[in-house]
Structures are given as structure tokens and as C-alpha cells.
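Listed here are the chains, written in short residue letters.
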Amino acid sequence: AFCFAIDKVIPSHLASVHPMDIGLIRGYGIFDFFRTSHYQPLFLSDYLDRFIRSAAKTHLYLPYTKNELAQIIHDLIQRNDLEFGGIRMLLTGGVSDNHFTPTQGSLFIFCEDLDFPSPSKYEYGVKLLSIEHVRAIADIKTTNYAFPVWHSAIWKKEGAEDVLYHSNGIISESSRSNIFVIKNNKISTPDKHILHGITRKRVLELAPETEIKELSLKDVLDAEEVFMTSTTKKILPVTQIDDRKIGDGKIGPITGKLMEKFFEMEK
Ligand code: PDD
């Protein structure tokens, strides 16, 4: 496979990053991740906008324009024959004398195989474990996932798919997905302390009646339906949070319809 590294396309196994890059020693860097379908990068413009915004907000210099990045990506898809796959863009914080101040980082664009949740999870839903946590600089797609990586041993032991973050009982998102809640047939989703997901954006287009509002953990536990959204999970039903079943513990009708509509859209 081939990847783009710094300024050119090279065989992926030859890509390397300096061990003193603050992307590694401080977890300071940004990334983004999207998919291809039938060789087309899905919703590419949105992902590139977010990547460019993440770079600007972290004061990292991205040496390519949106059009240039798109060109590099289309070229990589052809070279790697990536009919259905994942593409990861990464910009590191760079190597610096004081091991702290960002400098010119390294840009990488990698093609990957995709690993979706198993079909049974889409049929029966998954469990989330609630935990008090606020992501740092939440609206930027930084490379810092130390907390959920560390915590994942606990949620796996509890048979949970992932976590549900809350702060003082106000929910935000899951470790790598956004959250939607349905109560009295009304869809709602939080807006604060989250990464604004591209899948979330698509769901808001499919269901423009969705209310964007503050939601408590109690709102979620009392909900009729809950689902999570992300590039790698698409729309995944949540049927249990902690020890509490959501609704009747089965996938609800509104979630089911949105899943159908979304699968139609990304074909
Ligand atoms: N995660 N919130 C966080 C913290 C995320 O990391 C992600 C994406 C999302 C959903 O965003 P989107 O719909 O654009 O994928 C929400 C990616 C998939 C990951 O880290 O693997």
C-alpha cells in the first residue's frame, strides 16, 4: 500500500515520524478519518473542512490547500485500489527544542481497511457505560485519546461497546461518536463539549426537526431510543446504559428509519 508522507507518496511501511515529535511525547497533533464507497471519498468536503479547522485552531501549519489535499486523496484511492476503505489524515505537532512548542509538523495520509461493528450489534443494539469526563478542547479532532484508551479495559470488562461521557450529569458524547436521544417521538442531541461529527451532521440533515439542546443523564436513561453516530459506526442503536435498558431494550422505530435512510445515502 502507498501513503502520503510529508510531501510525497511512498510505500506505507516506509513512513516514519521522529520519536521527539510532540505528537508523540505530548499527544499534540490532529487527525481526521473518513471512508470511501465505490472509490468515492464520502462527504470529503466536510472532513477536509474539519481537518483544516482543527489545524488552524491548534496553531499547526497545514502546507496544502483543500483542493491540493483532495487531489492527493483521489490519487491515493486510485493507487491503493481503495474501493471500500478508511482514510486517515494526520498532522503532528512537530519536533521542538523545548519539547513543548509546536513547530512544523509532519503530514501523513494513510489508507486502511475498515472494521465495522458486527451485524448483530445493528440488530440488537449495544451497551454504553456512563462516566464523568469532559474531553479537552472537545471541538478539535486532536490525537489525544489517552483517557478512553486507558478506560477501555474497564468498559470491555463490563461488556459495553463504549462510554457515555457526562459532566455533573450533563451528557456530551461517546469516546469516538456522537449521541442522539429520542423521547416522546422527538429527536434531540447535545451541542456542547463535543466533536461536531460529520455523521451527526448527516443525521441532522435527514431529521432536521432534531432539537439541539442540553441533555441530562436522566434524559438519556428515560429515553425511548438512543443511538450513536460516527464514521466507523454509522448509526448504531444503543439499547442499554449501565444497568438500565433503554425503552423496551430493542431498536426503536425512529432509529430504524434513520438507519435505513443513512444506509441509502452512503451507498
Ligand atoms: N471518531 N466524537 C469524537 C470524540 C470522535 O472522535 C468522533 C470520530 C466523533 C464522530 O465524528 P464523525 O461522525 O465525523 O466520525 C465524535 C473517529 C471515527 C475515530 O476516532 O475513530
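Residues numbered from 1 in each chain as written. Predicted model: local features only at pLDDT ≥ 70, side-chain atom pairs only at ≥ 80, totals over all residues.

1. Observations regarding unusual backbone geometry
Not every positive phi belongs to a glycine, and Ile-137 is a case in point at roughly 30 degrees. The class of Ile-137 is partly exposed, set by 13 C-beta atoms lying within 10 Å. Located in the positive-phi region is Lys-234, a residue other than glycine, with phi close to 55 degrees. By the secondary structure assignment, Lys-234 is in strand S14 (residues 234-241). (Buried ≥ 20, exposed ≤ 12 C-beta atoms within 10 Å, placed from the backbone. Helix = DSSP H or I, 4+ residues; strand = E, 2+ residues; numbered from the N terminus.)

2. Here we look at the domain arrangement of the chain
According to the domain assignment, the chain contains domain 1 (2-112) and domain 2 (119-265). Taken over C-alpha atoms, the centre of domain 1 sits 27 Å from the centre of domain 2. With 16 residues of domain 1 in contact, the opposing surface of domain 2 contributes nine residues. Those elements that place two or more of their residues in the side of domain 1 that touches domain 2 are strand S3 (29-37) and helix H2 (44-57). Split by residue class, the side of domain 1 that touches domain 2 holds six nonpolar, five polar and five charged. (Domains from an automatic or database assignment. Contact = placed C-beta atoms within 7 Å. Nonpolar A, V, L, I, M, F, W, Y, C, P; charged D, E, K, R; others polar.)

3. With respect to the site of the ligand
Looking at the ligand, there are 14 residues lining it, with Leu-195, Gly-197, Ile-198, Thr-199 and Thr-231 nearest. In terms of residue count, helix H6 (residues 198-206) provides more of the shell around the ligand than any other element does, three residues in total. Per-class residue counts for the shell around the ligand are three nonpolar, eight polar and three charged. (Near = placed C-beta within 6 Å.)

4. Comments concerning the confidence of the model for the chain
Per-residue confidence for the chain gives a mean pLDDT of 97, with 100% of residues at or over 70. The ipTM, which scores confidence in the relative placement of chains, is 0.98 for this predicted complex, and the corresponding pTM is 0.97. (pLDDT = per-residue confidence, 0-100.)

5. Focus on the environment of Thr-255
Here Thr-255 shows up in helix H8 (residues 253-265). Take Thr-255: there are 24 C-beta atoms within 10 Å of it, and that puts it in the buried class. Measuring from C-alpha to C-alpha, the distance between Thr-255 and Val-181 comes to 9.5 Å, with 74 residues separating the pair along the chain. Apart from residues lying up to four places away in sequence, Thr-255 is in contact with Glu-225, Phe-227, Ile-235 and Pro-237.

6. Digging into helix H5 (residues 146-157)
Little of H5 sits out of view: just zero of its twelve residues are buried. Of the residues trailing H5, Gly-159 is marked for its positive phi of about 70 degrees.

7. Some details on the pairing of strand S8 (residues 162-167)
The buried count for S8 comes to five of six residues, which makes it a mostly enclosed element. Relative to S8, strand S7 (residues 126-132) is paired through five bridges, and the arrangement is parallel. Each bridged residue has a counterpart across the sheet, and for Ile-131 the counterpart in S8 is Tyr-165. The parallel pair S7 and S8, bridged by H5, forms a crossover whose chirality is right-handed. Relative to strand S9 (residues 170-171), S8 runs antiparallel, the two sharing two bridges. Bridge pairing in S9 links Ser-167 to Ile-170. Remark: two residues form the turn of the hairpin made by S8 and S9, two consecutive strands paired antiparallel; Asn-168 in that turn has positive phi of roughly 50 degrees. (Pairing = 2+ DSSP bridges. Right-handed = clockwise from strand over helix to strand, strands pointing away.)

8. Thoughts on the pairing of S7
As judged from the three bridges shared by S7 and S14, these two strands associate in the parallel manner. Opposite Lys-127, over in S14, you have Gln-240 as the bridge partner.

9. Here's the deal with the packing of H2 against helix H3 (residues 66-79)
Where H2 meets H3, the closest approach of the two axes is 10 Å, and the angle between their N-to-C directions is 125 degrees. Relative to H3, H2 is oriented oblique. Helix-helix and strand crossings are classified by hand; for H2 and H3 the assignment is right-handed. Contact with H2, carried on its side by Leu-44, Leu-48 and Ile-52, involves Lys-66, Leu-69, Ala-70 and Ile-73 of H3 and no other residues of that element. Its residues placed into classes, the contact of H2 with H3 shows six nonpolar, no polar and one charged. (Axes fitted to C-alpha atoms, helices over the stretch in contact; angles between N-to-C directions. Parallel < 35°, antiparallel > 145°, perpendicular 65-115°, else oblique. Left-handed = near helix turned anticlockwise from the far one by under 90°.)

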